[in-house]
Amino acid sequence: MNYYIVGILLFITLFSPFTKSEPPKLDRPSNETEFIHGNSKPNCKAAEPAKGKQWAVLIAGSTDYENYRHQADICHAYQILKKGGLKDENIIVFMYDDIAFNVENPRPGVIINQPGGDDVYEGVPKDYTQSAATVANVFAVLLGNKTAVQGGSGKVLDSGPDDHVFIYYADHGATGIIGMTDGLIYAKDLIDVLKKKHEAKAYKTMVIYIEACEAGSMFQGLLPNNWDIYATTAANAEENSYGTYCPDDYPSAPSEYDTCLGDTYSVAWLEDSEMHDLRFETLEKQYKTIRRRVFTQDLDFNSHVTQYGDMKLSKEFLFTYMGTNPDNDNYTSMANSKPSGFSSASQYDAELLHFWYKFHRAPEGSTRKLEAQKELHRKISHRMHVDHSMKEIGKLILGSENSTMMLLKTVRPLDQPVVDDWDCYKMLVKTYEEHCGSLSRYGLKYTRALANMCNAGIKMEQMAVASAQACAKIKP
């Protein structure tokens, strides 16, 4: 659902105030059930109880009901870790916490992560919510710096040299960027934090899972293989990731929901972890299972789950990081097999899908429908503004109508980070927003062009002049 569907939605909202048309039909990949796990208890020794403590940091970076799925993913992860035996004192949760009791939530106080699923919100620690769910607090928590934390519970990752750490993040991302409620986490800054943690000998081993578009760009060319850190990402450094369990998907969110319940990569590892005795499943096996389930043959809905860092750690058992639920001791693949693929919508389009269904399902002639129409129109208008301004900036700086698209298609080798000069990259993002308004979640798709401008030697002054000229007559 890219420009074609955006165009359809724009036509509807502009020229047909209360049209009874059908919602956009996405060309979804099909689902065929197959057994993807095999025997979860091979003839091998089970994982020994981990020495040291098990820690987890769970981060949902987004706000607003249209991003329901990110907080649902994080809450689900908490339930798995809690059932696995991790202590609340060692689980730190970041989420804005504006979903469970949102006026749009059809089940107040309840969050689900799959059709027919249990409530995953109950009991989740509210460590860093609302104004405390910030970039600065994420870094302070990861570094174990209690004095730097502002607000929240004050819990930090106070891990030691014998401890095992699991970090899981879900939200929107882009080229070398993942989002938080108050700003952006840049890959170089995250790597610097991990380097400090490594040099302080503040963990024995660490595993990181990231759900975001272009999530691989957070580690590509940056994460060494000798820091005892193993990471997997929902997509490589240039791909979208995808929401799932959306309205009219198969399987679909319940009819009263107008938003996606989960994300493909996240749901894949969460459901896999729920089904297995994690004393017998390695990180490598879960990586392969997730990669197989997320990958589809439909190139419009395709991402490659990717791994980075210390590959030796992939041989370790999940139990070391997540514990295991005793209820999974008698797991059989026949009883618990899952579909091999997902129906899905890109992270960018999942947001628009929510606003479409909100408009489509509102009663004809109602104030609710009129407000939903206005909201959808605002979202589409903002996308058009970002598209136009980015195209104009590329033309003004590089002299060609197609400059921005060419920069978006330029991909660096796998052993190189997506940008060399991170300060330049930050300044170009900041300069654009000063002159043209917020990039927003949708506009993040253009950050690769900005990164490649830095790689091509474009200076902040050039960006400022071009942005001011491109956006002079456009109200951000």
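It should be emphasised that the depicted structure is a prediction, and the values quoted were computed from it without experimental measurement.

A. Representation of the UniProt feature "active site" (unreviewed entry) in the protein chain within the structure. Within the UniProt annotation, "active site" (unreviewed entry) is assigned to H172 and C213. Taken along the chain, the residues just named run across 42 residues; in space they keep tight, none of their C-alpha pairs more than 6.1 Å apart. If you trace the backbone, C213 turns up in the loop between β7 (205-211) and β8 (229-233).

B. Spotlight on the confidence of the model for the protein chain. Summarising the model, the protein chain shows a mean pLDDT of 86, and 83% of its residues fall at 70 or more. Long-range and interchain partners of residues 1-40, a stretch whose pLDDT sits below 50, account for 103 contacts in this model, where long-range means more than four residues apart. Taken as a whole, residues 332-340 scores under 50 in pLDDT and shows 23 contacts with residues more than four places along the chain or in a different chain.

C. Broad picture of the nonpolar core. With 73 residues, the main nonpolar core has F219 and Y425 as its most contacted residues. Counting residues per element, this core draws most heavily on helix α12 (residues 422-436), at 7 residues. Two domains each provide a minimum of three residues to this core, namely domain 1 (54-328) and domain 2 (362-472). When residues no more than four places from it in sequence are discounted, the contact partners of F219 are L190, I191, I208, I210, A231, T233 and Y308.

D. Representation of the packing of aromatic side chains. Taken as a whole and judged by the stated rule, the model has 12 aromatic pairs. Considering the side-chain rings of F166 and W269, the 5.6 Å spacing of their centres and the 80° angle between planes classify their relative orientation as edge-to-face. Taken together, the residues F166 in strand β3 (residues 164-170) and W269 in helix α5 (residues 264-275) connect sequence positions 103 residues apart. With respect to burial, F166 and W269 carry one shared label: buried. A centroid spacing of 5.9 Å and a plane angle of 40° characterise the contact between F219 and Y308, whose relative ring orientation is tilted. Taken together, the residues span a long stretch of sequence, with F219 in the loop between β7 and β8 and Y308 in strand β11 (residues 306-309) at a distance of 89 residues. The burial state of F219 is the same as that of Y308; both residues are buried.

E. Inspection of the pattern of salt bridges at higher detail. Applying the stated criterion to the full structure yields 16 salt bridges. One salt bridge connects D127 with K155, and the closest N-O pair in it is separated by 3.3 Å. Within this pair, whereas D127 is found in the loop between β2 (91-94) and α3 (135-142), its partner K155 is found in the loop between α3 and β3, the two being separated by 28 residues in sequence. A single network of salt bridges, built from pairs that share partners, joins D64, E66 and R441.

F. Broad picture of the sheet that holds strand β1 (residues 54-60). In space, the 6 strands of this open sheet follow the order β2-β1-β3-β7-β8-β11, with mixed pairing throughout. Each having just a single partner strand, β2 and β11 make up the two edges of the open sheet. The average angle at which neighbouring strand axes cross in this sheet is 10°, direction not considered. Pairing of β7 with β8 involves 5 bridges; the strand directions are parallel. In the strand pairing of β8, V207 is matched with Y230. Against the sheet, helix α2 (residues 68-83) touches β1, β2 and β3, its axis set at about 165° to β1.

G. Highlighting the state of the cysteines. Under the criterion given, the structure shown has 3 disulfides. C424 shares a disulfide with C454; S-S distance 2.2 Å. Measuring handedness by torsion sign, the sulfur bridge of C424 and C454 sits at about -90° and is left-handed. Of this pair, C424 sits in helix α12 while C454 is found in helix α14 (residues 447-455), placing the two residues 30 residues apart along the sequence. A single burial state applies to C424 and to C454, both of which are buried. By sequence-ordered numbering of the bonded cysteines, the protein chain has its disulfides arranged as 1-2, 3-5, 4-6.

Definitions and limits used
Residues numbered from 1 in each chain as written. Predicted model: local features only at pLDDT ≥ 70, side-chain atom pairs only at ≥ 80, totals over all residues. Heavy atoms only, no water. UniProt positions renumbered as here; feature names shortened; annotations may be inferred. Helix = DSSP H or I, 4+ residues; strand = E, 2+ residues; numbered from the N terminus. pLDDT = per-residue confidence, 0-100. Contact = heavy atoms within 4.5 Å. Core = buried A, V, L, I, M, F, W, Y, C linked by side-chain atoms within 4.5 Å. Buried < 20%, exposed > 50% of the residue type's maximum accessible area, 1.4 Å probe, protein only. Domains from an automatic or database assignment. Phe/Tyr/Trp six-rings, centres within 6.5 Å; stacked < 30°, edge-to-face > 60°. Salt bridge = Lys/Arg side-chain N within 4 Å of Asp/Glu carboxyl O. Pairing = 2+ DSSP bridges. Axes fitted to C-alpha atoms, helices over the stretch in contact; angles between N-to-C directions. Disulfide = S-S within 2.5 Å.

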